[in-house]
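These are the residues of each chain, in order.
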There are 2 protein chains.
Amino acid sequence: MRVGIGILGGGTVGGSLANQLLREAGAISAKSGIDVELVAVGVRDLAKKRDFPAGYATDDLEGVVDDDRVDLVVELMGGIDPARSLLKRALEAGKPVVTANKELMANHGEELIELAAGRGVSLLFEAAVGGAIPIIRPLSESLAGERIDRVIGIVNGTTNYILTAMEDEGRAYADVLAEAQALGFAEADPTADVAGHDSAAKAAILAGLAFGVWVSVADVHTEGIHGIDEVAIEMANSLGYSVKLLAIADGGERGHVARVHPCLIPMGHQLSSVRGSSNAVFLEGPNLGQLLFSGPGAGGQPTATAVLGDVITASRELLAGSQVTPRIRYSAASPRSFDDVENQWYLRLIVADFPGVLAQVAGAFGAADVSIKSVWQEGRGGTVTLVIITHPAQEKAQRSALEKLSALDAVDQVAAIIRVLDEE
Amino acid sequence: MRVGIGILGGGTVGGSLANQLLREAGAISAKSGIDVELVAVGVRDLAKKRDFPAGYATDDLEGVVDDDRVDLVVELMGGIDPARSLLKRALEAGKPVVTANKELMANHGEELIELAAGRGVSLLFEAAVGGAIPIIRPLSESLAGERIDRVIGIVNGTTNYILTAMEDEGRAYADVLAEAQALGFAEADPTADVAGHDSAAKAAILAGLAFGVWVSVADVHTEGIHGIDEVAIEMANSLGYSVKLLAIADGGERGHVARVHPCLIPMGHQLSSVRGSSNAVFLEGPNLGQLLFSGPGAGGQPTATAVLGDVITASRELLAGSQVTPRIRYSAASPRSFDDVENQWYLRLIVADFPGVLAQVAGAFGAADVSIKSVWQEGRGGTVTLVIITHPAQEKAQRSALEKLSALDAVDQVAAIIRVLDEE
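1. Remarks on the sheet that holds strand β6 (residues 123-124) of chain B
Where strands meet in a sheet, backbone hydrogen bonds hold them as pairs that are either parallel or antiparallel. Residues and elements named next belong to chain B. With parallel pairing, six strands are arranged side by side in an open sheet as β3-β2-β1-β4-β5-β6. Two strands lie at the open edges of the sheet, namely β3 (57-58) and β6, each paired on one side alone. Sitting on the sheet, helix α1 (residues 12-32) touches β1 (2-8), β2 (35-42) and β4 (72-75), and the angle it makes with β2 is about 165°. Lying on the sheet, helix α11 (residues 300-320) is in contact with β1, β2, β4, β5 (97-99) and β6; it crosses β4 at an angle near 160°.

2. A few points about the nonpolar core
V74 and V307 of chain A together with V74 and V307 of chain B are the most contacted members of the largest nonpolar core, which has 286 residues in total. Not counting chain neighbours up to four residues away, the residues in contact with V74 of chain A comprise I5, I7, L8, L17, V98, V307 and V311 of chain A.

3. What about helix α10 (residues 230-238) of chain B?
Residues and elements named next belong to chain B. Looking only at α10, the buried set comprises A232, I233, M235 and A236. The buried residues of α10 occupy one face: seen down the axis, they fall within an arc of 165°. For α10, the secondary structure elements touched by its buried residues are α6 (157-169), β9 (241-250), β10 (257-266), β13 (342-352), β15 (383-390) and β17 (411-420). Count one or two residues on from α10 and you reach G240, which has phi positive near 95°.

4. Quick word on the sheet that holds strand β6 (residues 123-124) of chain A
All names here are of chain A. Strand order in the open sheet formed by six strands is β3-β2-β1-β4-β5-β6, and the pairing between neighbours is parallel. In this open sheet, the two edge strands, each paired with only one partner strand, are β3 (57-58) and β6. Sheet topology note: the strand β4 (residues 72-75)/strand β5 (residues 97-99) ladder contains three bridges and is parallel. Its bridge partner lying in β5, V73 is registered against V97. Along the sheet, helix α1 (residues 12-32) contacts β1 (2-8), β2 (35-42) and β4; its crossing angle with β2, the most-contacted strand, is approximately 165°.

5. Some points on the pairing of strand β11 (residues 278-285) of chain A
Residues and elements named next belong to chain A. With seven of eight residues buried, β11 lies mostly within the body of the structure. For strand β7 (residues 150-154) and β11, the ladder comprises five bridges, and the chain directions are antiparallel. Within the sheet, the bridge partner assigned to G153 lies in β11 and is V281. Summarising the sheet, β11 and strand β12 (residues 289-296) pair through eight bridges and their orientation is antiparallel.

6. Regarding the interface of chain B and chain A
The interface of chain B with chain A comprises 51 residues on the first partner and 51 residues on the second. When residues of the side of chain B that touches chain A are traced back to their parent elements, those giving at least two are α1, α5 (136-142), β12 (289-296) and α11 of chain B. Take the side of chain B that touches chain A: its biggest share by element is 12 residues, from α11 of chain B. Relative to β12 of chain B, β12 of chain A runs antiparallel, the two sharing three bridges. Along β12 of chain B, the bridge assignment pairs L292 of chain A with S294 of chain B.

7. Points about the pairing of strand β15 (residues 383-390) of chain A
All names here are of chain A. Sheet topology note: the strand β13 (residues 342-352)/β15 ladder contains seven bridges and is antiparallel. Across the sheet, the residue bridging to L349 is L386, located in β15. With six bridges connecting them, strand β14 (residues 372-378) and β15 associate as antiparallel partners. Across the sheet, the residue bridging to Q377 is L386, located in β15. Linking β14 to β15, which pair antiparallel, is a turn of four residues; within it G379 sits at a positive phi near 85°.

8. Remarks on the packing of helix α6 (residues 157-169) of chain A against helix α7 (residues 173-183) of chain A
All names here are of chain A. Across the interface, α6 lies against α7 with an axial gap of 9 Å and an inter-helix angle of 130°. Considered as vectors, α6 and α7 are oriented oblique to each other. At the point where α6 passes α7, the crossing takes the right-handed sense. Residues T158, Y161, I162, A165 and M166 of α6 form the contact with α7, whose own contacting residues are Y173, V176, L177 and A180. Of the residues that constitute the contact of α6 with α7, the class distribution is eight nonpolar, one polar and no charged.

9. Some points on the relation of the copies chain B and chain A
Rotating chain B by 180° and translating it 0.0 Å along the rotation axis places it on chain A, where the RMSD comes to 0.0 Å. Within this description, the copies of the chain are treated as partners about a two-fold rotation axis. In terms of proximity to the rotation axis, the leading residue of chain B is F293 of chain B, whose C-alpha is 2.3 Å off the axis. Of all interface residues in chain B, 100% are interface residues in chain A too; the two copies therefore contact each other through one and the same surface.

10. Describing the domain arrangement of chain A
When cut into domains, chain A gives domain 1 (2-131 + 300-320), domain 2 (142-294) and domain 3 (338-420). When grouped by side-chain class, the residues that make up the side of domain 1 of chain A that touches domain 2 of chain A number four nonpolar, four polar and three charged.

11. Considerations on the confidence of the model for chain A
Summarising the model, chain A shows a mean pLDDT of 93, and 99% of its residues fall at 70 or more. In the model output, the complex is listed with pTM 0.91 alongside ipTM 0.87.

Basis of the calculations
Every residue gets a number counted from 1 within its own chain, in the order that chain's sequence is written. Going through the entries in the order they are written, you letter the chains from A and number the ligands from 1. Where totals are concerned, whole chains, interfaces and linings use all residues; where local detail is concerned, this predicted model gives features only for residues with pLDDT of at least 70, and gives and counts side-chain atom pairs only at 80 or more. The pairing criterion for strands is at least two bridges between them, as found by DSSP. Helix numbering and strand numbering both begin at the N terminus, where a helix is a DSSP run of H or I of at least 4 residues and a strand a DSSP run of E of at least 2. The contact criterion used here is simple: two residues whose C-beta atoms, placed from the backbone, lie within 7 Å are in contact. With axes taken as lines fitted to C-alpha atoms, and helix axes fitted only over the stretch in contact, angles between N-to-C directions fall between 0 and 180 degrees. We call a set of buried Ala, Val, Leu, Ile, Met, Phe, Trp, Tyr and Cys residues a nonpolar core when their C-beta atoms link them within 7 Å. Burial in this document is a count-based property: other C-beta atoms within 10 Å of a residue's C-beta are tallied, and the residue is buried at 20 or more, exposed at 12 or fewer, or partly exposed in between, with C-beta positions derived from the backbone. This arc is built from the directions going out from the helix axis to the C-beta atoms. Put simply, angles under 35 degrees are roughly parallel, angles over 145 are roughly antiparallel, angles from 65 to 115 are roughly perpendicular, and the rest are oblique. The crossing is said to be left-handed when, going from far helix to near helix, the turn is anticlockwise and less than a right angle, and right-handed when the turn is clockwise. Gly falls in the polar group here, along with every residue not listed as nonpolar (Ala, Val, Leu, Ile, Met, Phe, Trp, Tyr, Cys, Pro) or charged (Asp, Glu, Lys, Arg). The copies were overlaid by least squares, fitting only the C-alpha atoms of residues that reach a pLDDT of 70 or more in each copy. Start and end positions for the domains come from either an automated domain assignment or a database one. Confidence of the predictor at the level of single residues is captured by pLDDT, which takes values from 0 to 100.

The following block contains the structure:
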């Protein structure tokens, strides 16, 4: 049976999807029984050269949504507006929606999901997290009956590419970032990636699905990778750790909490072998144990693959007259404060080398009730480097120790602070 | 809305599921909106002690299927009969079925799927492959529109446990097997696992879903791990390889082909880090790149987790009046012959040490059109060990070379043959 597809957005992913629909329609029909038919691709700038047949392009975005031949709307424009109003328009018209827009789903998911549920229209967003990796669907269907304690993800390909290159080649952050921009792996304005905002949106989506609660991006504590220098990475490596930008969501009885920050992870951990622009998501639960999903986290074709799976599912639901949104029920719940989260900290301090300085430093931690797990000292005479890894302590205690440390005359500089993934 | 669940089979997985349904019903309802209610657990031996409340147990298996309070039947007995007739009875009565039975699905999947499709009844089998790892659903939904070139799986926990212990501890096969049996990781009769039959059933299921064709277990070339000795593993390790029992399914224009045999895989490959009883499935396709799914491949609770996801999906479809089976359309297609599959072979030969013996050995390969990639010789004088890795060649050519080799007077023994995963 025929389902007409209207795509909003003709960039890398939109173009890949358009071509895949045109090229693979026969194979898709043979394998799924659904005849997907590309109707139109809405773009903002008709003058821009596209890598799909020009006849499908139109700059009348609302016209794509309203077109009677369009049964299903795929949104691949990104950003909040006009994506948000166009998708509301589609849902209100009873047209199922597939989107890869993590920013929109993280910030306005509640509104869109409730609108879709109220109208009985499918709204699917597999490609919003993890590119080609099926993670939204396993969380919302395969594991719908499951208690999930923790989600840990490497969900931003740009930052993982940068950190991997820094680690493998011993290069400086700014140098690798410039190369990534030249190669098209990083945007001209890389802030959304390197400051962790992209990961935070994905963390909010994953936490919401894993724990069945509405999670606001504003509640996701977010730190980026711009503070990570090559010295930190080299020292981490020598201690047996890799540095990764992680999105971590914890559930449990004390409330959920989601956060994004760089983390040291032991080199034996499965996530440490996720290299380059790959993504991975790690799930833990009392019954399921540990599951790992990994694959290409970005790129036009892999992302279009995830979108296409949703298009087929939404088409099947449309044709069967049984559209389903949401798969899981969300409830309202207050998040736990990041202040209360227990973490191990790795600190690199530049201190004056005189007798008793280590006692002063240790005293600052002790006064804040943070205990030290291990200390390494490098250099001798003048100023030396102290590398400290603490035992787990609440963030507020760690910050209090940091204040006390910074106030010490002996401490010239706190050169790096990176959290350490707790080895459970 | 209420859905009454009848479980067939009260063993490890059945017991875990029964307890999970009883313990987590409130949480499941909150998260999915579905009120699952355990009605009965059918067992073959009422006298046996169970780890779920005894009041649910009955030995009237048909009675469980027929019970008016049972809306959905979960089959966790294993084996072909009576599982097959009970599931047909359920489907004919319009009751959706969830099963973890790989043997049944691999051997009678076509019959059951067509019966379910004809009656419009859901039939889900996520737990038949990969325990808690969601792999059936990603293949049949997320990737339903996708061309998949290759599936590689470590899908049997027992053999992976044995091979990992042999590798980590340098122990002999028989020794580790005996330990695994004592610990309950291997059956008293371990044939189904160690001879590769369990993996072959899973390979047939995965290949069918990946390529949209009916795959018969009889067409899966199957070799087990009993021929792998500690010397082979030690030598493989020293050359930078791990030994794993792999299920490999290749698609493509020349036809699909599925097979199970031990394989050397480079230590850097993601599958080489799948240790102990863990499972993993690796997918490759032109658009999606490479995806890896890994997690616990066996055990009552992880498997029950996968079953529960299916129970919720099937319940939702039942309540929505839109049951869907199959997710993908299967077609009939002849498999490619295993004879034509190209593999690299690793061989360990015990040969007499005299001038010209290597030329004779090399000549045997050359006469069969197999070229040698590398040779190592160990020992000197009397008999020596030759370790040979060939370039890729068709299985029939490799076998022809083997015959010629075996006929040489200089060759005392072909001590090991293991295929090598091609590094694409």
